[in-house]
Amino acid sequence: MTEPTRPLKFKLSRVGLPRGRFDRAGVCGAVLPTVLELDLSGCSVLTDGGLEELVGTMPQLVTLRLTMNAHLRQPRLTCPKLRSASLAICTNLADMAVEHLTLHSPLLHELSLWRCASLRSTRIEGENLQRLNLCECFELSDAAVGRLSETCPQLQSLLLAGCASLASPATLGSSSLTSLDLSDVPALSDETLSAACERAPSLQRLDISRCESLLVPQLGGPRLQVRSSPARLSHTCRPHFA
């Protein structure tokens, strides 16, 4: 007499559903308490409700990737253990969705919102946030960027390349900032850039490539090691030493 087959015991730690063509995942109230990583790259038709339902089954989620989705607008995600999130190329993602995610993910260290083109005045609450990618958020306002030094006190890397609406954020840069990318920001002024460098004495990397409005900014700090700037500025930038 053969013994009955015993069910396999395993802990599911990663769920990958890249390029899935579903608007809801059909989890039917299941709870997946051991899942730490969720990859939804290219799931282009997933809805707000579908994402909320799926993420809600994973209370221990640490890493979330969701890219290339034009259907997401205002998902309300609560992820108490989340440390890394990428919502790149979610072109209709609204300010309120980002505000809710960052407010309800207090452990978040890394956030990419690359090419989330509908973001304008979002408030990013990141007490523990260290790396933030806002590249090609074309409508992002000065006010949204100016708040970051207050709401993200531990920010080390800030990427703003291609944020075409930026001109003169009231407060840019902080004592914790080590890397700042402002390339392809056409209206960036000498005054804004000089003030940012002064506020960031730990700055090591600064990219101001193709910022054609700059004339004679006062750049750098005692730790600045790498600087990319328009060739015409190479002999006119004034060094700044804090």
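Here, every reference points to the structure presented above.
Conventions and cut-offs
Residues numbered from 1 in each chain as written. Predicted model: local features only at pLDDT ≥ 70, side-chain atom pairs only at ≥ 80, totals over all residues. Heavy atoms only, no water. Helix = DSSP H or I, 4+ residues; strand = E, 2+ residues; numbered from the N terminus. Buried < 20%, exposed > 50% of the residue type's maximum accessible area, 1.4 Å probe, protein only. Contact = heavy atoms within 4.5 Å. Areas by Shrake-Rupley, 256 points an atom, 1.4 Å probe, with all protein chains shown as cover. Core = buried A, V, L, I, M, F, W, Y, C linked by side-chain atoms within 4.5 Å. Salt bridge = Lys/Arg side-chain N within 4 Å of Asp/Glu carboxyl O.

Caption draft 1: View of the overall build of the protein chain. The helix and strand inventory of the protein chain stands at 5 helices and 12 strands. Here the protein chain holds 242 residues, and 46% of them are scored as buried. Put simply, 46% of the contacts in the protein chain that link residues at least 6 apart link residues at least 24 apart. Of the roughly 11,900 Å² of accessible surface on the protein chain, 54% is carried by carbon and sulfur atoms.

Caption draft 2: View of helix α5 (residues 190–199). Those residues of α5 that fall on the buried side of the exposure criterion are D190, T192, L193, S194, A196 and C197. Turning to α5, the residues buried within the fold contact β9 (205–207) and β10 (218–219).

Caption draft 3: Spotlight on the nonpolar core. Core analysis: the largest hydrophobic core is formed by 61 residues, its most contacted members being L113, I124, L134, L158 and L160. Where this core is concerned, the elements lending two or more residues are α1 (48–56), α2 (95–103), α3 (142–146) and α5. With sequence-adjacent residues up to four places away left out, I124 is seen in contact with V98, T102, L111, L113, L129, L132, L134, L148, T151 and C152.

Caption draft 4: Representation of the pattern of salt bridges in the model. For the coordinates displayed, the defined rule picks out 10 salt bridges. Among the ionic pairs, R14 bridges to D39, the shortest N-O distance being 3.5 Å. Taken together, the residues span a long stretch of sequence, with R14 in strand β1 (residues 14–16) and D39 in strand β2 (residues 37–39) at a distance of 25 residues. The exposure class of R14 is partly exposed, given its relative accessible area of 43%. The residue D39 makes a salt bridge to R65 at a minimum N-O spacing of 4.0 Å. Within this pair, whereas D39 is found in strand β2, its partner R65 is found in strand β3 (residues 63–65), the two being separated by 26 residues in sequence. On the basis of relative accessible area, D39 is assigned to the buried category, the value being 9%. Here the residues in one salt-bridge network are R14, E37, D39 and R65, joined through shared partners.

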